[in-house]
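Next come the chains, spelled out residue by residue.
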Amino acid sequence: MPLPPGKSEIEVMRHYQYLASRNFGLDTGMYPLGSCTMKYNPRVNEDLCRLEGFTALHPAQPIATAQGALRLMYELAADLAEITGFAATTLAPAAGAHGEYTALMMFRAALEARGDARQTVIIPDTAHGTNPATVALCGYKTITVASNENGTIDLDALREVLDTDVAALMLTNPNTLGLFEPDIGKITAMAHDVGAFAYCDGANLNALMGITRIAEAGFDALHINLHKTFAAPHGGGGPGAGPVCVTSELAPYLPTPVVALREENYVFETPAHTIGRVRSWYGNFSVLVRAYAYLKALGAEGLREVSEQAIISANYVRTQLRDAFDMPYDRPCMHEFVLSGTRQKKESGVRTLDIAKRLLDYGFHPPTVYFPLIVDECMMIEPTETEPLKTLDAFIEAMRAIATEASSNPAMLHAAPQTLPVRRLDETAAARDVVVADLPATNPS
Ligand SMILES: *Cc1c(COP(=O)(O)O)cnc(C)c1O
């Protein structure tokens with residue numbers, strides 16, 4: 001790396017080392033962000049996606065000289081289809097939201113092909129914000145369907161909004177409360193009965209691998225976040241990848257190109273009724289390499305173990321925290337669960353944001369907060385499969401200690417974090433007015 005003018009190598013090295021030491025990441029401690037999953041990114045994957053045979057490829061070079069790269073894409077697409085039970089996969093979308101967009105465009109093309117113009121898409125109130133954003137981007141109108149007291153879809157409410165104007169139903173499973181939809185087969189059948197497509201937001205696939213194949217519940221398409229389930233780093237907003245798996249009925253609408261195997265040669269093909277390109281070239285290839293490496297390293301048994309362990313970890317932490325905080329949906333969860341800070345807010349004015357900031361003092365990254373929107377003072381916790389029991393216990397102990405502090409010393413929590421280099425930030429100002437250049441060049445102490 002070229003040095004900035006007037007700086008020596010040792011100054012630059014210390015500058016970056018100092019910045020790294022002030023950061024909080026997975027290398028520093030547990031990172032229980034919910035609905036955000038991928039915390040474990042094996043270092044060997046970084047070496048593999050930097051292999052010269054991959055990095056020196058030009059996307060326009062003759063494919064006869066890039067057979068290894070095409071084979072990787074072909075096998076990854078097939079493996080993802082196998083895990084989810086679908087017929088075909090596109091690897092092109094660059095993120096989960098982009099996968100949603102790709103699927104909705106395919107639905108629209110398939111509907112138009114049968115002369116059917118529909119206007120609306122149904123989404124439950126627990127959905128991730130990208131779902132309604134995608135609907136708007138595709139020119140549809142969102143209809144929100146309420147959850148019942150169990151945190152899952154209310155079938156009567158769903159029945160009321162399902163009609164022949166509905167292009168699709170988008171369902172997240174497990175949903176963002178970490179709950180498996182018990183009526184999932186009924187729900188997809190109800191959508192099909194009015195001629196609508198059933199879409200699964202598969203961002204939480206890490207709870208299901210090897211346990212259930214989501215296509216068998218009657219879905220027509222699903223997206224997978226490789227950066228949440230298949231070991232691609234998630235930091236800094238990307239790059240990620242949001243492959244979409246579809247039924248054989250929808251396969252002709254997949255974006256171009258897809259990789260096919262013809263007489264022992266891997267080739268790019270354009271599906272008969274393709275919606276076109278959704279991404280330049282072939283998607284975020286280095287993310288695909290990481291996912292492939294992770295899949296091959298774990299194998300079928302290993303993937304199932306990942307999901308089982310993620311579920312056990314989440315339920316362990318959940319049961320240890322249920323008396324210290326309100327738990328609006330107190331039943332077995334999948335890979336994540338939600339707590340509510342309502343009791344602390346009522347009793348001492350301590351908010352979930354205060355609790356999140358105080359966790360930093362205990363050496364833990366905060367969980368996802370204030371999402372899903374239907375839970376007051378929400379904390380959404382996802383420990384994942386990789387944290388050892390000792391760390392889960394330390395996290396539980398920290399959360400319990402904070403619950404006690406909320407009663408004994410609320411003022412201290414309002415001013416948390418107490419021990420970090422920066423204290424409570426104005427988060428809006430920090431996001432809008434980013435200052436990254438004025439930091440001291442080296443550790444001032
Ligand atoms: C993360 C997430 C998304 C969006 O994925 P991006 O890759 O961030 O675009 C959609 N739905 C759910 C449930 C998610 O957790």
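Residues numbered from 1 in each chain as written. Predicted model: local features only at pLDDT ≥ 70, side-chain atom pairs only at ≥ 80, totals over all residues. Heavy atoms only, no water.

Draft legend 1. Here's a closer look at the site of the ligand. Close contacts around the ligand come from 13 residues, with Gly 96, Ala 97, Asp 201, His 227 and Lys 228 the closest. For the shell around the ligand, the leading source of residues is helix α5 (residues 96-113), giving three residues. Here the shell around the ligand is built from residues that sort into three nonpolar, seven polar and three charged. (Near = heavy atom within 4 Å. Helix = DSSP H or I, 4+ residues; strand = E, 2+ residues; numbered from the N terminus. Nonpolar A, V, L, I, M, F, W, Y, C, P; charged D, E, K, R; others polar.)

Draft legend 2. How the structure looks around the packing of aromatic side chains. Counted according to the given criterion, the structure contains nine aromatic pairs. Plain terms: the ring middles of Phe 107 and Phe 197 are 4.6 Å apart, the flat faces sit at 10° to each other, and that makes the pair stacked. With Phe 107 in helix α5 and Phe 197 in strand β5 (residues 197-201), the pair connects residues that are 90 residues apart, well separated along the chain. The exposure classification of Phe 107 matches that of Phe 197, with both residues buried. Where Phe 268 meets Tyr 282, the ring centres are 4.3 Å apart and the plane angle is 10°; that geometry is what we call stacked. (Phe/Tyr/Trp six-rings, centres within 6.5 Å; stacked < 30°, edge-to-face > 60°. Buried < 20%, exposed > 50% of the residue type's maximum accessible area, 1.4 Å probe, protein only.)

Draft legend 3. Looking closely at the sheet that holds strand β12 (residues 378-381). Spatially, three strands are ordered β10-β12-β11 in an open sheet, and the strand pairing comes out antiparallel. This sheet does not close on itself; its edge strands, each paired only once, are β10 (337-340) and β11 (368-369). Of the strand pairs in this sheet, β10 and β12 are connected by four bridges, and their pairing is antiparallel. Across the sheet, the residue bridging to Ser 340 is Cys 378, located in β12. (Pairing = 2+ DSSP bridges.)

Draft legend 4. Region of interest: the pairing of strand β9 (residues 265-269). Pairing of strand β8 (residues 258-262) with β9, which is carried by five bridges, proceeds in the antiparallel orientation. Counterpart to Arg 262 in the pairing with β9 is Asn 265. Linking β8 to β9, which pair antiparallel, is a turn of two residues; within it Glu 263 sits at a positive phi near 45°.

Draft legend 5. Inspection of the packing of helix α12 (residues 352-361) against helix α13 (residues 389-408) at higher detail. Between α12 and α13, the least distance of the axes is 10 Å, while the angle of their chain directions is 130°. Comparing the axis directions of α12 and α13 gives the class oblique. When you trace α12 past α13, the crossing you get is right-handed. Across the interface between the two elements, Ile 355, Arg 358 and Leu 359 of α12 pack against Phe 395, Ala 398, Met 399, Ile 402 and Glu 405 of α13. Its residues assigned to classes, the contact of α12 with α13 comprises six nonpolar, no polar and two charged. (Axes fitted to C-alpha atoms, helices over the stretch in contact; angles between N-to-C directions. Parallel < 35°, antiparallel > 145°, perpendicular 65-115°, else oblique. Left-handed = near helix turned anticlockwise from the far one by under 90°. Contact = heavy atoms within 4.5 Å.)

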